[in-house]
Amino acid sequence: MTTNEKIQCLIIGSGPAGYTAAIYASRANLSPVLYQGMEPGGQLTTTNEVENFPGFPEGITGPELMDKMQKQAERFGADIRFGRVTATDFSASPYRVTIDNEKVIEAQSIIIATGATAKYLGLPDEQKYAGSGVSACATCDGFFYRNRPVAVVGGGDTACEEALYLANIASKVYMIVRKPFLRASKIMQERVLQHPKIEVLFEHETLGLTGEKVVEGADLVKRRGQTDEEKVHIAIDGFFLAIGHKPNSEVFKPWIETDENGYIKTIPGTPRTNVEGVFAAGDVADPHYRQAVSAAGSGCQAAIEAERYLVDKK
Ligand code: NDP
């Protein structure tokens, strides 16, 4: 283990929550250090057009928005580093956080903004065809399916967004939806249902994928368990998951309370966790809103709370 580094404020994560916390913490002279994690910029870097972030009336791409946030944090002196938290010890202040299994940081205050990661169905075929037709990011991999048929699993806003994005590239997009309705917002539902290239397969579940070396099709079941249950096969080259996310809270769990789905519990209306001086912001603590703008808002709150905590401590 390398020598300990002692800092006032450690920010973990580089989505809108982490970068906003870094902007506020650096402007409050906390000299924050931010570790970006495995996916610098977070989930928004895998999004195409962001149309609902205030201040960008024409929309802005996810990567561009995150790049701007990073630059804004750097402008005020935030120390932004590449690295992943591999262990934590919050038994006493200053709290100890290990980076990449080698470096230990001792921090007076911590802002956890590690976000959430895409979920998979849990089918063995998802691993078998990983990188060979299975993806959880249409904007990253959609390009490979030009004029070819694909499927998107899920019926939420993410699934609709991915389906619409893919419909501009692929020859046909199936949406595999387990319920008889879409959960997405009305506007997204309308766009999907009216799109000539998108076919929504309601009440369908995926049993497995087929194909020699790469995905060539999917075996589905319609109305599983009902008297009219039916097996369905679709020919597809790409299989995209869009069924929600898992909060990245595992490494903090020995110390930080989470709910049954792993979302960090905060004192309602605040970013405070059960450990004094440790705050949580963004999707890792938000099962409800999960928006870039709400994540940014909670990152701001966390930095203000950290600043007040450090002042009170002195
Ligand atoms: P959601 O949790 O909203 O939707 C997940 C979808 O996947 C649901 O249709 C769900 O089905 C389905 N699903 C979950 N597990 C399985 C499974 N094992 N098998 C089959 N289907 C499954 O997640 P999203 O990622 O879509 O959205 C998360 C949040 O982010 C939401 O609040 C959403 O509004 C927001 N969002 C907003 C956007 C925007 O405003 N531009 C863009 C993207 C997301 P079921 O309904 O049956 O549970």
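To start, this report covers the structure provided alongside it. (Residues numbered from 1 in each chain as written. Predicted model: local features only at pLDDT ≥ 70, side-chain atom pairs only at ≥ 80, totals over all residues. Heavy atoms only, no water.)

### A few points about the overall build of the chain
From N to C terminus, the chain includes seven helices and 19 strands. Relative to its length of 314 residues, the chain is compact, with a C-alpha radius of gyration of 21 Å against a globular reference of 20 Å. Structurally, the chain occupies a C-alpha span of about 70 × 40 × 35 Å along its principal axes. For the chain, buried positions account for 48% of its 314 residues. (Helix = DSSP H or I, 4+ residues; strand = E, 2+ residues; numbered from the N terminus. Rg over C-alpha atoms; globule rule 2.2 N^0.38 Å. Buried < 20%, exposed > 50% of the residue type's maximum accessible area, 1.4 Å probe, protein only.)

### So, the environment of E230
Considering the arrangement of structural elements, one finds E230 in strand β16 (residues 230–235). Residue class for E230 comes out partly exposed when judged on its relative accessible area of 41%. Separated by 26 residues in the primary sequence, E230 and H204 have C-alpha atoms spaced 9.3 Å apart. If we ignore the near neighbours within four places in the chain, the residues touching E230 are L220, V221 and K222. (Contact = heavy atoms within 4.5 Å.)

### As for the side chain of E106
Its location among the elements puts E106 in strand β8 (residues 103–112). Under the relative-accessibility criterion, E106 is labelled buried at 13%. Separated by 3.1 Å, the side chains of E106 and R96 make a polar contact. Setting aside residues up to four positions removed in sequence, E106 forms contacts with N4, E5, K6, I7, P94, Y95 and R96. (Polar contact = N/O pair within 3.5 Å; in protein donor to acceptor, adjacent residues only side chain to side chain.)

### Digging into the pairing of strand β12 (residues 172–177)
With five of six residues buried, β12 is to be regarded as a mostly interior element. Bridging between strand β11 (residues 149–153) and β12 involves five bridges; their strand directions are parallel. Following the sheet pairing, P149 is matched in β12 by K172. The parallel pair β11 and β12, bridged by helix α5 (residues 157–167), forms a crossover whose chirality is right-handed. Here β12 runs beside strand β13 (residues 198–202); their pairing, made up of five bridges, is parallel. (Pairing = 2+ DSSP bridges. Right-handed = clockwise from strand over helix to strand, strands pointing away.)

### Quick notes on the site of the ligand
Around the ligand sit 18 residues in total, of which G155, D157, T158, R178 and R183 are the nearest. In this structure, an oxygen atom belonging to the ligand sits 3.3 Å away from a side-chain N or O atom of N52. Taking R183, its side chain carries an N or O atom lying 2.4 Å from an oxygen atom of the ligand. In isolation the ligand exposes 910 Å². Once the protein is present, 77% of that is buried. Residue contributions to the shell around the ligand peak at three residues, all from α5. Its residues assigned to classes, the shell around the ligand shows three nonpolar, nine polar and six charged. A domain-level breakdown of the shell around the ligand finds at least three residues from each of domain 1 (5–117 + 245–313) and domain 2 (120–241). (Near = heavy atom within 4 Å. Areas by Shrake-Rupley, 256 points an atom, 1.4 Å probe, with all protein chains shown as cover. Nonpolar A, V, L, I, M, F, W, Y, C, P; charged D, E, K, R; others polar. Domains from an automatic or database assignment.)

### What to know about the sheet that holds β16
Strand pairing in a sheet takes place through backbone hydrogen bonds and is either antiparallel or parallel in direction. Pairing is antiparallel in the open sheet, where three strands are placed in the order β14-β15-β16. Each edge of the sheet is formed by a strand with only one pairing partner; in this case those strands are β14 (204–210) and β16. Mean inter-strand twist for the sheet, computed between neighbouring axes without regard to direction, equals 25 degrees. In this sheet, strand β15 (residues 217–222) lies alongside β14 in antiparallel orientation, the contact comprising six bridges. (Axes fitted to C-alpha atoms, helices over the stretch in contact; angles between N-to-C directions.)

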